[in-house]
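# An overview of the molecular structure
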Amino acid sequence: MARLLLEVRRWALVVSCAPLAMLAGCPQEKAAAPGKAPAQATAPAIASVPSSGSAGQAGQAVVSPAQSADAAAKAAKVQQLINKAEAAYRSGVDNYRAGHLDAARLDFDSAVDLMLTSGMDLKTDPQLTDEFDHLLNAVNSLEMTALKQGNGFSPVLEAAPLDAANEVTFPANAALTAKVTAELKTTQSDFPLVINDYVAGFISYFSNSAAGHAHLLRSLERAGKYKEMIAKNLRDQGVPQDLIYLAVAESGFQPQALNARSGAGGMWQFMPTGAYGLARNGWFDERFDPQKSSIAYAKYMKTLYNQFGDWYLAMAAYDWGPGNVQRAVMRTGYADFWELYRRNVLPGETKNYVPGIIAAIIMAKNPEQYGLDKVVPDAAVVSDTVTVDYAIDLRLVADVTNSSLLEIVALNPSLLRMTTPRDMSFDLHIPAGTLDVFATRIKEIPEDKRASWRFHVVRGGETLDGIATALHAHTSDIAKANGLKADDGIDTGDELVVPVAGAVASAGPQRYAVRRGDTLITVADRFGVSVEELRRWNHLSSNVVKPGNSLAVVEPVKLAPVTHVRSKAARGKKSSHVAAVPVHAASSYAGTKHTLSNSNSSSTATKKSLATTKQKSTSKTK
């Protein structure tokens, strides 16, 4: 009888713990637009996670009533957390379908935050681990659909120059080749520059194609933000300075570039997982951190060079994967990129990758010859850094540093949500020169309130009631937090701590539902913004708006894009030698990448092979 009771309790536990199995993977290429898509295109299906075993199996240990009660209590707590996360997620799906993408993002953030801040160990509890993975996968699938529509939660990014040239073929141009040959005699570079028909073809493309020239020009402008920082990282690792221009091919120097097909992200297009010292969790993704990802890039390029002994092969390996390049060398007997090119053993993308980067280097170092002398590099990104180990809302960071939310978000491109993580160290970047004022003002707000409360410096003409209304707070709460009496006045320059409820504090960018008779001009006048701003914020190509449409009437805050996280089960099925390495932004070879550790393990043998094949290559090409 006791054994029967135990079995009944165990099955009850299984039923009560069955989590929401959310949609994993990317949606179909032809996904419908938000608000018009069928339910199955935007919301994951509900399915049960199979039980790992039966309580009645032979040899199972007897569980005491007290242990059974504890297990039931834990199961109830787990289920309660899952239900709350599911409710937030479903709210996000509803907003997503209605086209309210900013509100959807906030709901999805709330669902993830509920799990991260629950106090439960997500790593050791298999049910919570799978639930968390399923949640991230489901949000990711909706994000990918939105990105394909050009209206995602993340910024619409400009294509990298080489992406636009993938289908371009270049006829030989003897005159251009001769011209560049002469230029190289006076071009200073720490990278082995070469000119041939392939490189000349890309120089012609970047010079004569309006799209190619514009992409290259914007890339070189954006490079100014990070050039000094990247140069130091390359110098520290002994990597040629001119390999900074590999970012032209990868991302156009855009820290939040994301390949929706492969999941590669960041300025250097690292895959979602990989042994590069870049942390990735529900709070932040260091692939989108310019400094940390650049250090990882420099280290990895140096590793590839140590393996192949040739910068061109190292670049090809960065794009195609070191294992693939190694096999091509072994198969042909040539450790020479151009010979591999001529023998047609490289994929088309990699054949374009190396000469395209060389062309960008040559043109960047000879700007007058290629119409790039008028390029004005963007100002270098500078900031102060404060390491925090508590959750703080980015709006509060903007408050105490006298800056805008957009500025704080731009300085922290790796953050996935509007707060820093709890109980985890994070290097928060704030405007240069604000360290002291940040330290002084943040002391006024209890640490456990920094994820919801605000800070306000009184401006001329403001009242306590007006401030409370603007920040969705209560006048009495503000007065109490600042030691004010009911009849006390406030003066310009007074610094106020503003208690705000967490749910209200996370309200998203203001939106407006278009009414009959509205035009962009009337909406712009209503909210004191320009028509051009409304069109940019809402990705509109005309001034026409339809009743019922939802418009962002302040600039939406764009956080780092959320990308796919493989479930625990899926990771277990993946073969040990296949993992993530950097991949070109347009790569379709994500599944063939090899781990850094696997590449290193065969480094010695590879070097010996390359030493032999280099001699063979030299004798063949003289």
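Residues numbered from 1 in each chain as written. Predicted model: local features only at pLDDT ≥ 70, side-chain atom pairs only at ≥ 80, totals over all residues. Heavy atoms only, no water.

Right, let's get into the overall build of the protein chain. The number of helices and strands found in the protein chain is 27 helices and six strands. Classification of the 622 residues of the protein chain by burial places 50% in the buried group. For the protein chain, restricting intrachain contacts to residue pairs at least 6 apart in sequence, the fraction spanning at least 24 positions comes to 72%. Of the roughly 28,700 Å² of accessible surface on the protein chain, a fraction of 53% belongs to carbon and sulfur atoms. (Helix = DSSP H or I, 4+ residues; strand = E, 2+ residues; numbered from the N terminus. Buried < 20%, exposed > 50% of the residue type's maximum accessible area, 1.4 Å probe, protein only. Contact = heavy atoms within 4.5 Å. Areas by Shrake-Rupley, 256 points an atom, 1.4 Å probe, with all protein chains shown as cover.)

The next thing to look at is the packing of aromatic side chains. Tallied over the full model, the rule gives 15 aromatic pairs. Residues phenylalanine 191 and tyrosine 312 carry aromatic rings whose centres are separated by 5.7 Å and whose planes lie at 55 degrees to one another, so their mutual orientation is tilted. In this pair, phenylalanine 191 sits in the loop between helix H7 (174-184) and helix H8 (197-208) while tyrosine 312 sits in helix H13 (residues 311-320), placing the two residues 121 residues apart along the sequence. According to the relative accessible area criterion, tyrosine 312 is buried, its value standing at 10%. Considering the side-chain rings of tyrosine 312 and tryptophan 338, the 5.7 Å spacing of their centres and the 75 degrees angle between planes classify their relative orientation as edge-to-face. Taken together, the residues tyrosine 312 in helix H13 and tryptophan 338 in helix H15 (residues 337-342) connect sequence positions 26 residues apart. (Phe/Tyr/Trp six-rings, centres within 6.5 Å; stacked < 30°, edge-to-face > 60°.)

Right, let's get into the packing of H8 against helix H9 (residues 210-223). Helix-helix packing is characterised by the crossing angle of the two axes and by the distance between the axes. Closest axis-to-axis distance for the H8/H9 pair is 5 Å, and the angle between their directions is 90 degrees. Comparing their axes, H9 and H8 come out roughly perpendicular. Between H8 and H9, the residues in contact are Tyr205, Phe206, Ser207 and Asn208 and Ala210, Gly212, His213 and Leu216, respectively. Here the residues of the contact of H8 with H9 are counted per class, giving four nonpolar, four polar and no charged. (Axes fitted to C-alpha atoms, helices over the stretch in contact; angles between N-to-C directions. Parallel < 35°, antiparallel > 145°, perpendicular 65-115°, else oblique. Nonpolar A, V, L, I, M, F, W, Y, C, P; charged D, E, K, R; others polar.)

As a further point, take the pattern of salt bridges. Under the defined criterion, the tally for this structure stands at 16 salt bridges. Residue arginine 343 pairs with glutamate 339 through a salt bridge whose shortest N-O separation is 2.9 Å. Note on glutamate 339: relative accessible area 11%, which makes it buried. When salt bridges with common partners are traced through the structure, they connect Arg280, Asp285 and Arg287 into a single cluster. (Salt bridge = Lys/Arg side-chain N within 4 Å of Asp/Glu carboxyl O.)

With their axes 8 Å apart at the nearest point, H8 and helix H16 (residues 348-365) run at an angle of 60 degrees to one another. Here H8 lies oblique to H16, going by the angle between them. When you trace H8 past H16, the crossing you get is right-handed. Packed against H8, whose contacting residues are Tyr198, Val199, Phe202, Ile203, Phe206 and Ser207, the element H16 presents Asn352, Pro355, Gly356, Ile358, Ala359, Ala360, Ile362 and Met363 at the interface. (Left-handed = near helix turned anticlockwise from the far one by under 90°.)

What follows deals with the confidence of the model for the protein chain. Low pLDDT means the predicted coordinates in that region are not meant to be read closely. Of all residues in the protein chain, 72% have pLDDT values of 70 or greater, and the mean over the chain is 76. Of all helices and strands in the protein chain, the one with the weakest mean pLDDT is helix H1 (residues 2-17) (35), whereas helix H10 (residues 227-237) scores best (98). Between residues 502-509, whose pLDDT stays under 50, and residues either more than four places distant or in other chains, the model counts 14 contacts. Note that residues 564-622 has pLDDT below 50 and, in this model, 132 contacts with residues that lie over four places away or in other chains. (pLDDT = per-residue confidence, 0-100.)

What follows covers the environment of glutamine 291. Along the polypeptide, glutamine 291 turns up in helix H12 (residues 290-308). Along the primary structure glutamine 291 and tyrosine 226 are separated by 65 residues, whereas in three dimensions their C-alpha atoms are 8.4 Å apart. Apart from residues no more than four positions distant in its own chain, glutamine 291 is found in contact with Met229 and Asn233.

To continue, consider unusual backbone geometry. The phi torsion at glutamine 269 lies on the positive side, around 55 degrees, for a residue other than glycine. Accessibility expressed as a relative area gives 0% for glutamine 269, which makes it buried. Although it is not a glycine, asparagine 344 adopts a positive phi angle of roughly 60 degrees. Mapping asparagine 344 onto the fold places it in the loop between H15 and H16. Judged by relative accessible area, which is 54%, asparagine 344 ranks as exposed.

Helix length check: H16, at 18 residues, gives a terminal C-alpha distance of 26 Å against a target of 26 Å (1.5 Å per residue), a fit within 8%. Of all 18 residues making up H16, 16 are buried, and the element is well covered by its neighbours. (Expected span 1.5 Å × (residues − 1).)

So, about H13. Side chains of residues three or four places apart in an α-helix project in the same direction, reflecting 3.6 residues per turn. For H13, the tally of buried residues reaches ten of ten residues, placing the bulk of the element in the interior. Every buried residue belonging to H13 is among Trp311, Tyr312, Leu313, Ala314, Met315, Ala316, Ala317, Tyr318, Asp319 and Trp320, and all of these are buried. Next to the buried residues of H13 lie helix H11 (246-250), H12, helix H14 (322-332), H15 and H16. With a side-chain oxygen lying 2.9 Å from the backbone nitrogen of tyrosine 312, the N-terminal cap of H13 falls on aspartate 310. Of the residues one or two after H13, glycine 321 is the one with positive phi, at around 110 degrees. (Polar contact = N/O pair within 3.5 Å; in protein donor to acceptor, adjacent residues only side chain to side chain.)

Moving on, we come to the nonpolar core. Taken as a class, soluble globular proteins show a tendency for nonpolar side chains to be buried jointly. One finds Ile203, Trp268, Tyr297, Met301, Tyr318 and Phe337 to be the most contacted residues of the largest nonpolar core, which totals 70 residues. Looking at which element gives the most residues to this core, the answer is H16, with ten residues. Membership of the second largest hydrophobic core comes to 27 residues, among which are Tyr390, Leu415, Met418 and Phe455. (Core = buried A, V, L, I, M, F, W, Y, C linked by side-chain atoms within 4.5 Å.)

Along the chain, the position of glycine 252 falls in the loop between H11 and H12. We classify glycine 252 as buried; its relative accessible area is 1%. Taking C-alpha positions, glycine 252 is 8.0 Å from alanine 223, a pair spaced 29 residues apart along the chain.

Right, let's get into the environment of asparagine 83. By secondary structure assignment, the location of asparagine 83 is in helix H3 (residues 65-97). Once the C-alpha coordinates of asparagine 83 and alanine 111 are considered, the two residues, 28 residues apart in sequence, prove to be 9.9 Å apart.

Relative to the helices and strands, aspartate 384 resides in strand E1 (residues 383-388). Despite its burial, aspartate 384 remains without a salt bridge, the nearest opposite charge being carried by arginine 441 at 13 Å. Among the polar contacts made by the side chain of aspartate 384, one reaches the main-chain amide nitrogen of threonine 434 at a distance of 3.2 Å. When residues no more than four places from it in sequence are discounted, the contact partners of aspartate 384 are Leu428, His429, Ile430, Pro431, Ala432, Gly433, Thr434 and Leu435. (Lys, Arg positive; Asp, Glu negative; His and termini not counted.)

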